[in-house]
Amino acid sequence: MLDPVRAKARVIAFTLVAFIGGVMLASGMNWTAGSHAATLLQTTPTKRAVQPVAELSQSFVAIADAVTPAVVSIRTEMTQSLPSGHPEIPEPFRRFFNIPPGGEPESTPSLAMGSGFILSSDGYIMTNNHVVADADKVTVVLNDRREFPARVVGHDPTTDVAVIKIDATGLPTVSIGDPEGSRVGEWVLAIGNPLGLSFTVTAGIISAKGRPLQIISQSLREQGNTNPGLAVEDFIQTDAAINPGNSGGPLVNTRGQVIGINSAIASETGYYAGYGFAIPIDLARRVADDLIKYGHVRRPVLGIVIREVDPEDAEVYHLPTVSGALVEDFGQMPNNPAQAAGLQRNDVIVAVNGHPVDRVNELQRLIIEQHPGDIVTLDVIRNGKRMKVPVRLTEAPAPTPESTAAAPSPATPPSEGRLGIRVAPLTAELAQKYHFDQPGGVVITGAAPYGPAGRKGVGEGLKVVSADGHAIRTPEDLQSVVDDVPANGIISLVLQDPSGTHVTANIRVAK
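Quick notes on the rules
- Residues numbered from 1 in each chain as written.
- Predicted model: local features only at pLDDT ≥ 70, side-chain atom pairs only at ≥ 80, totals over all residues.
- Heavy atoms only, no water.
- Core = buried A, V, L, I, M, F, W, Y, C linked by side-chain atoms within 4.5 Å.
- Buried < 20%, exposed > 50% of the residue type's maximum accessible area, 1.4 Å probe, protein only.
- Helix = DSSP H or I, 4+ residues; strand = E, 2+ residues; numbered from the N terminus.
- pLDDT = per-residue confidence, 0-100.
- Contact = heavy atoms within 4.5 Å.
- Phe/Tyr/Trp six-rings, centres within 6.5 Å; stacked < 30°, edge-to-face > 60°.
- Lys NZ or Arg CZ within 6 Å of the ring centre and 35° of its normal.
- Salt bridge = Lys/Arg side-chain N within 4 Å of Asp/Glu carboxyl O.
- Pairing = 2+ DSSP bridges.
- Axes fitted to C-alpha atoms, helices over the stretch in contact; angles between N-to-C directions.

Undergrad: For the nonpolar core, give the residues involved together with the corresponding values.
TA: Of all hydrophobic cores here, the largest spans 34 residues; its most connected members are Phe 117, Met 126 and Ile 261. Within the residue set of this core, elements represented by two or more residues are helix 3 (47-67), strand 3 (124-128), strand 6 (161-165), strand 8 (187-192), helix 5 (215-222), strand 12 (257-265), strand 13 (276-280) and helix 6 (281-294). With six residues, helix 6 is the single largest residue contributor to this core. If you look at the next biggest cluster of nonpolar residues, it comprises 21 residues, including Val 458, Leu 462, Ile 507 and Val 509.

Spelled out as structure tokens, the structure:
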């Protein structure tokens, strides 16, 4: 039996040996070199590893240095009443920015901010129509802080493009690029003056191309334009931050070339939410050239009423794909160029001068890039056969104010029937209600918004002219044709509005 002193010494010796052995083991396994997180914080990436990011960053710097001197800030004063808090956005654009109409009018002139960029060294500047259209006074502030009064050379509400001019020389200018050659996913920069923050540069990518937003056509309707179909909406979508004040500024590619005019955002608040839209610069430049030369746009037109192709149309007209622009009618234009060239109702235009046409907005853009008097070659599919039709474009007539006649009152939509519509004989009373010149035939008096016909845009106040080629003179005539359509089949209705325009609706009927 050990005495207490020897036992205590043995315990201390054993503990010391264990401690030394543990330290040696930990050192051998590199457990004492610090935590993994600390090691990462002390490590920096190699220059080679970050070279692509550094090069991209430097390209953004170079683009900003090259383009920003040619970007301008635009201040406007106007007497029209605008809702406080959103001075840049005129009445036709409020709904797009989700700003309610009305509100207390301001008792003093409204001040607004926008952007633009210099096209020529002698002071021609491109911007948006909605930035300067209603302005009483326009002031341009250059990147070097010089200020100039500006005059509006011309503006075009159908494309939302405007040109202003300042008296100056030797100005820096932008380089114009090719938006057709740009691709979804490419880097772009947006430069402008958002929210009063002068000459701001933001970066993003091209998110989509060919967006038909309907904002310009809506604006034309609210202004009383009789032909909102002249609106050209073929926007480039980007996620580069765009806010009120960016309107009119350039969208720039990685070669420092302008490919679009920043024009609008999609947002529930009126501020950036990830979706910005720009007008392609090739379209804008074509309009700007006319504004500078003539003071207005000499708008080339085919003289047709068109709409998008849907799956039912593709089946009925034997199309290889669900694409193209469907010819519905020829409007009221005298000496109509499309009719003279041999185009027919229900032809589908799939290309212009060899450029494919996927949607209506693409056809509109390809036509407006031409000039009145030019001959374009249309690729047309008629009953499954492809053909080429040369058409000499004519100039669009000047718009006239819409009639102030009251719109027909809405009817209670029906909930029954294979088409989801209610029809009645077009009596003298209904002809007056729906603004037809004469009674006779069958008129739609109600349509379920989400019924088979309602989903194709068929609504109250349209006259049913024929169904599957059969003339419709009574409601019973229409019912007879509908009854013969098999389950999940398609019926082709030719409809007429009060102006005499005919449209075709290919509707997949309910069972």
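Undergrad: Describe in detail the confidence of the model for the protein, supporting the description with residues and values.
TA: Model confidence for the protein is summarised by a mean pLDDT of 81, while 79% of its residues fall at 70 or above. Every residue in residues 81-107 is under pLDDT 50, and counting partners more than four places away or in other chains gives 64 contacts. Throughout residues 400-416 the model reports pLDDT below 50, and contacts reaching past four residues in sequence, or to other chains, amount to 31 contacts.

Undergrad: Pulling in residues and values, what's your account of the packing of aromatic side chains?
TA: Evaluation of the coordinates by the stated rule reveals two aromatic pairs. Note on Phe 60 and Trp 187: the rings are 5.4 Å apart at their centroids and 65° apart in plane angle, and the pair reads as edge-to-face. One end of the pair, Phe 60, is in helix 3; the other, Trp 187, is in strand 8, and 127 residues separate them in sequence. In this structure Phe 60 comes out as buried when scored by relative accessible area, which is 17%. Taking the centre distance of 6.5 Å and the plane angle of 75° together, the rings of Phe 235 and Phe 277 count as edge-to-face. Of this pair, Phe 235 sits in strand 10 (residues 235-238) while Phe 277 is found in strand 13, placing the two residues 42 residues apart along the sequence. Across the pair, exposure class does not vary: Phe 235 and Phe 277 are buried alike. Positioned above the aromatic ring of Tyr 124, the side-chain terminus of Lys 165 is 5.3 Å from the ring centre. Sitting above the plane of the Tyr 294 ring, Arg 298 keeps its charged end 5.4 Å from the centroid.

Undergrad: How would you sum up the pattern of salt bridges? Please name residues and give values.
TA: Per the counting criterion, the structure on display carries 21 salt bridges. Taking the shortest distance from any N to any O, the salt bridge between Asp 347 and Arg 382 comes out at 2.8 Å. Here the residue Asp 347 occupies a position in the loop between helix 8 (337-340) and strand 17 (348-352), and Arg 382 occupies one in strand 19 (residues 375-382), the gap between them amounting to 35 residues. The two residues Asp 347 and Arg 382 agree in class, both being buried. Salt-bridge contacts for Asp 358 lead to Arg 359; the nearest nitrogen and oxygen are separated by 4.0 Å. A relative accessible area of 38% means that Asp 358 is categorised as partly exposed. You can call Arg 359 partly exposed: its relative accessible area is 40%.

Undergrad: Describe unusual backbone geometry, naming the residues involved and giving the relevant values.
TA: Across residues other than glycine, the phi torsion is negative in most instances, and most of the peptide bonds are trans. You will see that Asn 353, though not glycine, has its phi angle at about 50°, which is positive. Along the chain, Asn 353 falls in the loop between strand 17 and strand 18 (355-356). Under the relative-accessibility criterion, Asn 353 is labelled partly exposed at 37%. We note that Asp 468 has phi near 50°; this positive angle belongs to a residue other than glycine. In this fold, Asp 468 is placed in the loop between strand 24 (463-467) and strand 25 (470-471).

Undergrad: Break down the pairing of strand 20 (residues 385-392) for me, with residues and values.
TA: Each regular strand carries side chains that alternate between the two faces of the sheet. Pairing of strand 19 with strand 20, which is carried by eight bridges, proceeds in the antiparallel orientation. Its bridge partner being in strand 20, Asp 379 is matched across the sheet by Lys 388. If you look at the hairpin formed by strand 19 and strand 20, you'll find two residues sitting between the two strands, and Asn 383 has a positive phi there, around 55°.

Undergrad: So what's going on with the sheet that holds strand 4 (residues 137-141)? Which residues, and what values?
TA: Taken in spatial order, the six strands close into a barrel running 1-2-3-6-5-4, and their pairing is antiparallel. Direction aside, neighbouring strands of the sheet carry axes that sit 40° apart on average. Note that strand 3 and strand 6 share five bridges and pair antiparallel. Bridging from a neighbouring strand, Tyr 124 pairs with Lys 165 of strand 6. The sheet strands contacting helix 6 are strand 2 (110-118), strand 3, strand 5 (147-156) and strand 6, and the helix crosses strand 6 at an angle near 50°.

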